[in-house]
Amino acid sequence: MFAKEEIDQILDSYDDFTIATICSHSALQIFHGAKQYSIKTIGICTEESRELYESFPYATPDELLIVDDYSQIPVDELRERNSILVPHGSLVEYTGDGIKDLALPIFGNRGSLLFERDRNNMFDWMEKAGLKVPRILQPEEIDGPAIVKFPGAKGGKGYLVVNSPEEYYQKVAEGAKTMIQEFIVGVRAYIHYFHSFDGDAGYSTNYGNVEMLGIDQRMETNADEIARQLSVGANIPISFTVMGNQSLVLRESLLPKYMEMGRGICNSSKGLFGGIHGPFCVETIITDDLDIYSFEISARIVAGTNLLGNPYSLYTHGTEYTTGMRIAKELKDAFRNKNLGEIIY
Ligand code: AMP
């Protein structure tokens, strides 16, 4: 792992900073947010994506660094430009385990990104945070609908739902490394939080405060259109490939539970890997009894934050406010107060 002390030395050498990220996932939102705070932006971009990222005047980065593919992060060029890298889902995916050795300041804690890569770690984290989680099953324990997740599967692609041990053994290759979870029936809600080390909104944590900025629901093919599929008699297996997101608000009586959950996630993360800074998301399902089950934490900005029109950021910041803007504000304040080292690794 690239040493924290070396990251702090790099930060000490910055007399100003730029925000950089890979042109994918939530990059337009991140660039737009930085522009609201007059922070210079750099997009790491392929030639193929250049036209798209040059076509939104209010979200186009100030400079594009063209790469052949996104696994190549131009570290030296980014360091010359005093860059702080903002991680999102695609960046985490493209850099893989290599993120731990990246010789660049990364907004947040790279330890959290490594930790969440392992589903068993993530369940441990959720349980320590006091969250209710689906049962994790061995194949022989499958006694009703169960969702089978494969390592590395992203965006829900390739998951299976099985109902018995026999069906599992019939559909899953022998020796495949899977996690089998009880399939929770209910309504999904994906909560966007932001941990700030010196903010004043939201719930307090052991090392700052946690705000709620929004909630989305992912749109997944073909699970979310299953009624149409059944109505035409199509017999296509259920799948969970994310294709977009829509905004959601919760009945207000559920909010205290979700705020407590956000606090629990932050407080427990401190002992596990040194704490979480900036945006994160918990994926939940609310049952008919209003029990909240959590099945995943993303320790970085999620694509559902690309939505505008959710009231929770308005109630927190007094205006329609994106996670991209919140990241920019946190970095700008920390830079001004010479505290960047607190929220960067
Ligand atoms: P994930 O890769 O864990 O984000 O899961 C992808 C999608 O699968 C989710 O957005 C849900 O629609 C569905 N899903 C995941 N875990 C469960 C579960 N335990 N019960 C029901 N649906 C689930």
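Structure: see above.
Let us look at the structure shown here. Owing to the predicted nature of the structure, the values given are computational and were not obtained by experimental measurement.

Before going further, it helps to examine the site of the ligand. Near the ligand, the surroundings consist of 18 residues, among which Y159, Y190, E220, E283 and E296 are the closest. Y159 has a polar side-chain atom sitting 2.5 Å from an oxygen atom of the ligand. Contact between the ligand and E182: a nitrogen atom at 3.1 Å from a main-chain N or O atom of the residue. Against a free-state accessible area of 480 Å², the protein chains account for coverage of 98% of the ligand. Elements that contribute at least two residues to the shell around the ligand include exactly β6 (146-149), β8 (179-182), β9 (187-196), β11 (208-222), β13 (278-286) and β14 (292-298). Tallied by class, residues from the shell around the ligand come to 9 nonpolar, 2 polar and 7 charged.

With that settled, the discussion passes to the packing of aromatic side chains. According to the stated counting rule, one finds 10 aromatic pairs in the structure shown. Pairing F17 with F335 gives two aromatic rings, centres 5.2 Å apart and planes at 55°, and the pair type is tilted. One end of the pair, F17, is in the loop between α1 (4-13) and β1 (18-22); the other, F335, is in helix α12 (residues 323-336), and 318 residues separate them in sequence. Ring centres of Y168 and Y169 lie 5.5 Å apart, and the angle between their planes is 85°; this geometry places the pair in the edge-to-face category. Connected via pairs of aromatic rings, a cluster forms that spans F115, W125 and F273. When the ring centre of Y207 is taken as reference, the NZ or CZ atom of K270 above it lies at 4.6 Å.

About the criteria used
Residues numbered from 1 in each chain as written. Predicted model: local features only at pLDDT ≥ 70, side-chain atom pairs only at ≥ 80, totals over all residues. Heavy atoms only, no water. Near = heavy atom within 4 Å. Polar contact = N/O pair within 3.5 Å; in protein donor to acceptor, adjacent residues only side chain to side chain. Areas by Shrake-Rupley, 256 points an atom, 1.4 Å probe, with all protein chains shown as cover. Helix = DSSP H or I, 4+ residues; strand = E, 2+ residues; numbered from the N terminus. Nonpolar A, V, L, I, M, F, W, Y, C, P; charged D, E, K, R; others polar. Phe/Tyr/Trp six-rings, centres within 6.5 Å; stacked < 30°, edge-to-face > 60°. Lys NZ or Arg CZ within 6 Å of the ring centre and 35° of its normal.

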